[in-house]
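# Descriptive structure summary
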Amino acid sequence: MEVVGGLANIYACDTKISSIIDDELAYAGYSIQELMENDASFEEVVYLLWYLHLPNETELRDFKRELNESSAISDAVEACLRIQCRQNLHPMSVLRTTVSLLGVFDPYAEENSEKSVHVQSIHLQAKIPTIVAAFSRLRKGLDPIQPRADLDFSANFLYMLTGEEATETEVKALDQALVLHADHELNASTFAARVSASTLSDVYSCITTAIGTLKGSLHGGANERVFDMLEDINANGTAAEYLQKKLDSKEKIMGFGHRVYKTVDPRQSYLKEMSYQLTRDSENEKWYDISVEVEDYIRNARGLIPNVDFYSATVYHVLGIESDLFTLIFAMSRVSGWLAHVKEQRSNNNLIRPRSRYVGPVNQRYVPIDKR
Ligand SMILES: CC(=O)SCCNC(=O)CCNC(=O)[C@H](O)C(C)(C)COP(=O)(O)OP(=O)(O)OC[C@H]1O[C@@H](n2cnc3c(N)ncnc32)[C@H](O)[C@@H]1OP(=O)(O)O
Ligand SMILES: O=C([O-])CC(=O)C(=O)O
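Worth saying up front: this structure is predicted, and the values here are computed from it rather than measured.

### Concerning the overall build of the protein
The number of helices and strands found in the protein is 16 helices and 3 strands. Computed over C-alpha atoms, the radius of gyration of the protein comes to 21 Å, within 12% of the 21 Å expected from 2.2 N^0.38 for 372 residues, which places it in the range of a compact globule. Dimensions along the principal axes, computed over C-alpha positions, put the protein at roughly 70 × 55 × 45 Å. Burial statistics for the protein: of 372 residues in total, 45% are counted as buried.

Structural data, given as structure tokens:
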């Protein structure tokens, strides 16, 4: 019986959704380089992940309309967000709870059919940005803003967040960040979603499970902590001193290292370039400059590479997003991948139930409680 710690390099399922081969990430066979260089939109990428081909014009228009028509949230969901705002809860916990609540109100969640999986998927993909934007406003004492039918996914999100139409540059930056985060084969949250899907649970349950898994600091939760680190360095001295202290005390440096990539995370160079441009354009250079100092120091000291969570932190900051919402932006994109994997798991299902090797004591004798 061999146990592989962290299931590292264990292949647990076949997939047609995304691949990492020789440090190149591809969605349904299209490398992210190909998608980025051709300005693929986030909605096109979601369609690609769900249907495994790029949409034609009619398919894309219908898909966008379908998402748009489902993007509003009910009064009950808004009321629940208002209650959660008063409690100073972590926004990822709020998202997890609110997505779970959406499932309670969606009759399709209790229907076990292909159509119901599709409808639940559309609802989740469409409503998560509305929830994130509404939460961000409600906790500042502002009213939520309704989604607009004439705006695409990223433009709509930024509009609902601020109440103003974002610039073309801002919309493109967010859209590209969402494209880069959309899927990543069997990462921890996707695996969690597939385990849940393999029991034939409803789609909301799968996505609630995935959100809870993404929240952790070793996974999506790292991006929020990256910005905390940049702020600490900015406030308290040099990157070298700060980082060496962390390394000496065996703390993990957030935004560095990866289970699969050991020499380069292919998403990172796009995010680094976006971070450079956006910080220059908005006179926020210091965040990019500190990031580069951190990258150089950690690469030299430990040979660790920045992962997708590192430069995305600065990109989101410059887009005016608060750092405790960064992981929610990740979720807003990755839900597209989770939903594709839920559909794929159900299409050729086999209950995921591995074994554990028992290493505790055996043949124990029961001792009555008054004798213990
Ligand atoms: C979207 C994403 O989920 S991307 C990942 C986001 N997470 C983070 O940024 C958190 C920081 N990073 C980490 O904790 C890790 O790199 C992980 C969890 C992402 C990957 O972990 P593993 O695959 O187990 O790492 P790996 O086996 O390559 O680690 C090798 C060594 O480098 C160390 N190491 C890895 N990452 C880091 C880090 N960020 N800071 C300091 N040391 C690190 C490990 O502790 C290990 O040291 P050891 O040999 O002395 O025990
Ligand atoms: O694949 C992983 O382990 C983590 C990651 O980069 C992602 O989920 O995007």
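### Looking at the site of ligand 2
If you check the shell around ligand 2, you find His 184, Asn 187, Arg 259, Val 260, Asn 307 and Val 308 and nothing else. Considered class by class, the residues forming the shell around ligand 2 number 2 nonpolar, 3 polar and 1 charged.

### A closer look at the UniProt feature "active site" (unreviewed entry) in the protein
Following the UniProt record, one finds the feature "active site" (unreviewed entry) at His 258 and Asp 309. Despite a sequence span of 52 residues, these residues sit close together in the fold, their greatest C-alpha distance being 10.5 Å. If you trace the backbone, His 258 turns up in the loop between helix H12 (239-248) and helix H13 (268-281). When the 17 C-beta atoms within 10 Å are taken as the criterion, His 258 is described as partly exposed. His 258 has contacts with Asp 265, Ile 305 and Asn 307, leaving out every residue within four places of it along the chain. With respect to the element layout, Asp 309 can be found in helix H15 (residues 308-318). Setting aside anything within four residues of it in sequence, one finds Asp 309 in contact with Ala 222, Asn 223, Val 226, Met 254 and Gly 255.

### So, the environment of Ile 73
Within the secondary structure, Ile 73 is located in the loop between helix H3 (57-69) and helix H4 (75-85). Remark: the alpha-carbon pair of Ile 73 and Ala 134, spanning 61 residues in sequence, is separated by 9.3 Å. Contacts of Ile 73, omitting those with residues within four sequence positions, involve Glu 78, Lys 127, Thr 130, Ile 131 and Ala 134.

### Remarks on H12
Those residues of H12 that sit buried are Ala 239, Tyr 242 and Leu 243. An end-on view of H12 places all buried positions within 90° of arc, on one side of the element. In H12, the exposed residues that point more than 90 degrees away from the buried face are Glu 241, Lys 245 and Asp 248. Where H12 is buried, its residues contact helix H11 (222-236) and helix H14 (285-302). Where H12 terminates, the next one or two residues include Lys 250, which has phi positive at roughly 60°.

### Quick word on the packing of helix H6 (residues 114-138) against helix H16 (residues 326-347)
Contact pair H6 / H16: the axes reach a minimum separation of 9 Å and the direction vectors enclose 175°. The angle between H6 and H16 places the two elements in the roughly antiparallel class. Only Leu 328, Ala 331, Met 332, Val 335, Ser 336, Leu 339, Lys 343 and Arg 346 of H16 make contact with H6, whose side of the interface consists of Val 117, Ser 121, Leu 124, Gln 125, Ile 128, Pro 129 and Val 132. Residue classes in the contact of H6 with H16 are distributed as 10 nonpolar, 3 polar and 2 charged.

### Some thoughts on the sheet that holds strand E3 (residues 30-31)
If you walk across this open sheet you meet the 3 strands as E1-E2-E3, and the pairing is antiparallel. Two strands lie at the open edges of the sheet, namely strand E1 (18-21) and E3, each paired on one side alone.

### Some points on the nonpolar core
Val 45, Leu 49, Leu 95, Val 132, Ile 207, Val 315 and Ala 331 are the most contacted members of the largest nonpolar core, which has 99 residues in total. Examining the composition of this core, we find that 11 residues originate from one element, H16, more than from any other. Taken together, domain 1 (18-166 + 186-216 + 326-347) and domain 2 (222-318) each give at least three residues to this core, which thus spans both. When residues no more than four places from it in sequence are discounted, the contact partners of Ile 207 are Val 99, Leu 124, Ala 193, Val 335 and Trp 338.

### Looking at the site of ligand 1
Near ligand 1 lie 18 residues; those nearest to it are His 219, Ala 222, Phe 256, Gly 257 and Arg 259. Across the shell around ligand 1, the residue classes break down as 7 nonpolar, 7 polar and 4 charged.

### Digging into the pairing of E1
As paired strands, E1 and strand E2 (residues 24-27) are joined by 4 bridges and run antiparallel to one another. Bridged to Ser 18 within E2 is Tyr 27. Hairpin geometry of E1 and E2 is characterised by an intervening segment of 2 residues between the two adjacent antiparallel strands and by a positive phi of about 50° at Asp 22.

### Side note on the pairing of E2
Regular strands show a simple pattern: their side chains alternate between the two faces of the sheet. Burial of the side chains of E2 is restricted to one face: Leu 25 and Tyr 27 are buried, whereas none of Glu 24 and Ala 26 on the reverse face is. When E2 meets E3, the two strands line up antiparallel, connected through 2 bridges. By the bridge assignment, Ala 26 is partnered in E3 with Ser 31. If you look at the hairpin formed by E2 and E3, you'll find 2 residues sitting between the two strands, and Ala 28 has a positive phi there, around 45°.

What counts and what doesn't
- Residues numbered from 1 in each chain as written.
- Chains lettered and ligands numbered in written order.
- Predicted model: local features only at pLDDT ≥ 70, side-chain atom pairs only at ≥ 80, totals over all residues.
- Helix = DSSP H or I, 4+ residues; strand = E, 2+ residues; numbered from the N terminus.
- Rg over C-alpha atoms; globule rule 2.2 N^0.38 Å.
- Buried ≥ 20, exposed ≤ 12 C-beta atoms within 10 Å, placed from the backbone.
- Near = placed C-beta within 6 Å.
- Nonpolar A, V, L, I, M, F, W, Y, C, P; charged D, E, K, R; others polar.
- UniProt positions renumbered as here; feature names shortened; annotations may be inferred.
- Contact = placed C-beta atoms within 7 Å.
- Arc of directions from axis to C-beta.
- Axes fitted to C-alpha atoms, helices over the stretch in contact; angles between N-to-C directions.
- Parallel < 35°, antiparallel > 145°, perpendicular 65-115°, else oblique.
- Pairing = 2+ DSSP bridges.
- Core = buried A, V, L, I, M, F, W, Y, C linked by C-beta atoms within 7 Å.
- Domains from an automatic or database assignment.

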